[in-house]
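Spelled out from the first residue to the last, the chains are:
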Amino acid sequence: MNKKCIFVNGGLGFLGCFISLELIKKGFNVIIVDRMVQLAHMRDGLYSTFVNERLSLLKEHDVTIVTMDIDNSQKYLKLLEKYSPVAIYCMNAVTDVKFCNTNPNTAITENIAKVENILNYISKTNTNIRVVFASSASAYGHFSKKEVDETSPLEPVNIYGYSKMASEKLIQLYNHIYGIPYTIIRPSSPYGPLRVNKTITQIIIEKAIREEIVYINGDGEIKLDFTYVSDTVQGFVLGGTEKGASNQIFNISYGEARTLNNLLKIAKTFFTKLKIEYKAQDKAAANRGALKISKAKHLLNYHPQVSLENGYSKYIEWYLNGNYAKLL
């Protein structure tokens, strides 16, 4: 019996890589479609090592990798015809908030137009293909309360958050017009090994290893729902494969708001000489908190396992035990 096929656009990215590996374990035939342009910019020093490790992991599991830009309609349509996927994960995006704010044209092209490309291809071929879209907690903007659920208003405060909100609306419109099924996932602050996007969890570790000052926006009391990569991936895989997830939106996170100072406290147990300086809060940063994950627990049987104390400690140990400090 042939395995069901799933495409993972942007499958060489941080989450895309681990989602692909988990789908393989679940018995799916995974086709990664990635143009590798962003990865090429990082092919130096430490991040080159991380990217190569992702590639090695995928090759070990015989994942098919197709190098192409998804706006190449003829080539992508031929892929759809050849493999007949049951789902397409849209993981490709520019995720750097500051970059999106200073390069809005690029952000809109990469984060919105390319989602529309996929929706258009599906509408012309097989409208039963489910779109699994990687949105973001950034789409909520400033949280209206300490814990937001999927019905909370989307009022983004930066271009990145706007691009995710706009893509969500596009996906829902294509569902309304063409009947294309979807699952929208809103993750929050994923972290863990092989990440190269320079989020705060990563910056703290690398600055500490270099014995450089860690600059924190604000007083360090801003809260985020930090989620270890394995928990985030669990949510994405369940969302893309469970029947009950069709045409649904899910918050996927650990479900607990923690401050940047909490992160720093954990880091200090490994780096006793950690140097920290606080500066003015970034105006593009949203006031956030916890994501309510009761819907994912109920419909997907999603149960995150890794607390911030355990996850961030594992992440730091991974840096130190892998001798990556020598590359910094």
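These figures come from a predicted structure and were not determined experimentally.

A. Highlighting helix H7 (residues 159-178). Between its terminal C-alpha atoms H7 stretches 28 Å, which fits the 28 Å expected from 20 residues at 1.5 Å a residue. The inward-facing, buried residues of H7 abut helix H5 (97-102), helix H6 (104-124), strand E5 (130-134), strand E7 (182-187) and strand E12 (248-252). Count one or two residues on from H7 and you reach Gly179, which has phi positive near 80°.

B. How the structure looks around the sheet that holds strand E3 (residues 64-67). The seven strands are arranged E3-E2-E1-E4-E5-E7-E12 in an open sheet whose pairing can be described as parallel. A single partner strand is all that each edge strand has here, and the edge strands are E3 and E12. The average undirected angle you get between the axes of adjacent strands in this sheet is 20°. With four bridges connecting them, E5 and E7 associate as parallel partners. Each bridged residue has a counterpart across the sheet, and for Val132 the counterpart in E7 is Thr183. Most of the contacts of helix H4 (residues 73-83) go to strand E1 (residues 5-9), to which it runs at about 155°, and overall it touches E1, strand E2 (29-34), E3 and strand E4 (87-90).

C. Broad picture of the packing of aromatic side chains. Under the defined criterion, the tally for this structure stands at 16 aromatic pairs. Arranged with centres 6.2 Å apart and planes meeting at 80°, the rings of Tyr191 and Tyr312 form a pair that is edge-to-face. With Tyr191 in strand E8 (residues 190-191) and Tyr312 in helix H12 (residues 308-321), this pair connects stretches of sequence that are 121 residues apart. By the burial criterion, Tyr191 is buried, and Tyr312 matches it. What links up through ring pairs into an aromatic cluster is the set Tyr47, Phe50, Tyr191, Tyr228, Tyr312, Tyr315, Trp318 and Tyr319.

D. Quick look at the packing of H6 against H7. At a minimum axis separation of 10 Å, H6 and H7 run at an interaxial angle of 15°. When the interaxial angle is binned, H6 and H7 end up roughly parallel. Judged by the sense of rotation from one axis to the other, the crossing of H6 with H7 is right-handed. Of the residues in H7, those in contact with Pro104, Ala107, Asn111, Ile112, Val115, Glu116, Leu119, Asn120 and Ser123 of H6 are Ile159, Tyr160, Tyr162, Ser163, Ala166, Ser167, Leu170, Ile171, Tyr174 and Tyr178.

E. A look at the pairing of E5. Of all five residues that make up E5, five are buried, and the element is covered over most of its length. By the bridge criterion, four bridges tie E4 to E5 in an arrangement that is parallel. For Tyr89, the partnering residue across the bridge sits in E5 and is Val132.

F. Examining unusual backbone geometry more closely. Despite not being glycine, Asp62 has its phi angle at roughly 55°, a positive value. The exposed category is assigned to Asp62, whose relative accessible area is 65%. Its identity is not glycine, yet Ser84 carries a phi of approximately 45°, on the positive side. With respect to the helices, strands and loops of the structure, Ser84 is situated in the loop between H4 and E4.

G. Layout of helix H10 (residues 260-268). Along H10, the residues that are buried comprise Leu260, Asn261, Leu263, Leu264, Ile266 and Ala267. On its buried face, H10 is in contact with helix H8 (200-210), strand E9 (213-217), strand E10 (223-224), strand E13 (258-259), strand E14 (275-279) and H12.

H. View of the pattern of salt bridges. The full count for this structure, using the stated rule, is nine salt bridges. Across the pair Arg186 and Glu168 runs a salt bridge, and its minimum N-O distance is 2.7 Å. Residue Arg186 is located in strand E7, and its partner Glu168 is located in helix H7; the two are separated by 18 residues in the primary sequence. Judged on exposure class, the residue Arg186 and its partner Glu168 are both buried. With a closest N to O distance of 2.5 Å, Arg258 and Glu309 form a salt bridge. One end of the pair, Arg258, is in strand E13; the other, Glu309, is in helix H12, with 51 residues separating them in the sequence. Using a relative accessible area of 14% as the deciding quantity, one classes Arg258 as buried. Judged by its relative accessible area of 35%, Glu309 falls in the partly exposed class.

I. Examining the environment of Glu116 more closely. In this fold, Glu116 is placed in helix H6. When the C-alpha atoms of Glu116 and Asp71 are compared, they prove to be 9.5 Å apart, with 45 residues separating the residues in sequence. If we ignore the near neighbours within four places in the chain, the residues touching Glu116 are Leu170 and Tyr174.

The rules behind each value
- Residues numbered from 1 in each chain as written.
- Predicted model: local features only at pLDDT ≥ 70, side-chain atom pairs only at ≥ 80, totals over all residues.
- Heavy atoms only, no water.
- Helix = DSSP H or I, 4+ residues; strand = E, 2+ residues; numbered from the N terminus.
- Expected span 1.5 Å × (residues − 1).
- Contact = heavy atoms within 4.5 Å.
- Pairing = 2+ DSSP bridges.
- Axes fitted to C-alpha atoms, helices over the stretch in contact; angles between N-to-C directions.
- Phe/Tyr/Trp six-rings, centres within 6.5 Å; stacked < 30°, edge-to-face > 60°.
- Buried < 20%, exposed > 50% of the residue type's maximum accessible area, 1.4 Å probe, protein only.
- Parallel < 35°, antiparallel > 145°, perpendicular 65-115°, else oblique.
- Left-handed = near helix turned anticlockwise from the far one by under 90°.
- Salt bridge = Lys/Arg side-chain N within 4 Å of Asp/Glu carboxyl O.

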